[in-house]
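Read off the chains here:
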Amino acid sequence: KVRYAVYDDWSDAMEAIRNKHVVLIPNMGITDERLSLYDFTIPYETFRISIFVRTATVNIKEVNDLAGRKVGVVEKNQGLVLMREHGGSDLQIFHSIEEAFLALLSGSIDALVYPEQVITGIAMSSGLERKIKILEKPLQEIKRGIAVRKGEPELFLKLDNAIRQLIKNPEYQVIYEKWHGKHEPFWNVTRVIIVMGITLGLSIACLLF
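Note that the structure is predicted; figures quoted are calculated from it, not measured. (Residues numbered from 1 in each chain as written. Predicted model: local features only at pLDDT ≥ 70, side-chain atom pairs only at ≥ 80, totals over all residues. Heavy atoms only, no water.)

Draft legend 1. Focus on the overall build of the chain. Helix and strand counts for the chain stand at eight helices and eight strands. Over its C-alpha atoms the chain spans a radius of gyration of 21 Å, topping by over 25% the 17 Å that the globule rule assigns to 209 residues. Seen through its C-alpha atoms, the chain measures out along the principal axes to roughly 75 × 45 × 30 Å. Taken over 209 residues, the chain has a buried fraction of 34%. A sequence separation of at least 24 residues applies to 65% of the contacts in the chain between residues at least 6 apart. Accessible area of the chain: about 13,400 Å², with a carbon and sulfur share of 57%. (Helix = DSSP H or I, 4+ residues; strand = E, 2+ residues; numbered from the N terminus. Rg over C-alpha atoms; globule rule 2.2 N^0.38 Å. Buried < 20%, exposed > 50% of the residue type's maximum accessible area, 1.4 Å probe, protein only. Contact = heavy atoms within 4.5 Å. Areas by Shrake-Rupley, 256 points an atom, 1.4 Å probe, with all protein chains shown as cover.)

What follows is the structure, given as structure tokens:
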């Protein structure tokens, strides 16, 4: 029997497991600090914590370009930790990722630092994926698993074994795409036509030469 406890934001959920109101949190990033607090199942995905900007932005190409700029981060998230360590930015701390995402779109902040899959999932589900872009180099890669409260070895082993079986199953890809969206393939109709046109043009030019 499972009782689901729903919280409005990430920080409340972490407070709940810390106060023993809940026994586990799914999909938590595995960090050295958290390993001392929770038992983690085998990781089932890797999140890249990256810098997002609006598509029209051309003067932000790397983390050093964020000096003095307004950068959105979410409280209790690793993105906040990384940006504090780097320093130099005007950090705007949001209570939820939805607030931070809207702030980026509206121009209230210059950039947003957060795990890629979450942002791209929100953008694709709302049809706004063309409004934002990811800077090429991520700040960090973090593996995620299910965090189980210390002192629950039987539950931990059941979950860990289940996750190990799941990631070997084709159903895993279906679940992944449900939550994070299915990326468009690189070779779409437009790109094929462009490449064929260029190839044909070069062939004609060579023949004429």
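Draft legend 2. Just the nonpolar core, in detail. If you look at the biggest cluster of nonpolar residues, it comprises 15 residues, and the most contacted ones within it are Ile51, Val53, Leu66, Met83 and Val113. At the level of elements, strand 3 (45-54), strand 4 (70-74), helix 3 (78-86) and strand 6 (111-115) are the ones that each hand at least two residues to this core. Other than its neighbours up to four places away in sequence, Met83 contacts Leu66, Val71, Val73, Ser89, Leu91, Val113 and Leu139. Counting residues in each nonpolar core, the second largest holds 14 residues, with Phe52, Phe101, Leu104 and Ile119 among its members. (Core = buried A, V, L, I, M, F, W, Y, C linked by side-chain atoms within 4.5 Å.)

Draft legend 3. Structural detail: a nonpolar patch on the surface. Taken together, the side chains of Val2, Tyr4 and Val6 present a nonpolar region at the surface, about 430 Å² in accessible area. Take Tyr4: it is sitting in the segment before helix 1 (10-18). Overall, Tyr4 belongs to the exposed group, its relative accessible area being 71%. (Patch = residues over 30% accessible without salt bridge, like charges linked within 9 Å, V, L, I, M, F, W, Y side chains within 5 Å. Salt bridge = Lys/Arg side-chain N within 4 Å of Asp/Glu carboxyl O.)

Draft legend 4. Structural detail: the confidence of the model for the chain. Mean pLDDT over the chain: 88, with 93% of residues reaching 70 or higher. Confidence, read as mean pLDDT per element, is least for helix 8 (residues 189-208) in the chain (73) and greatest for strand 4 (96). (pLDDT = per-residue confidence, 0-100.)

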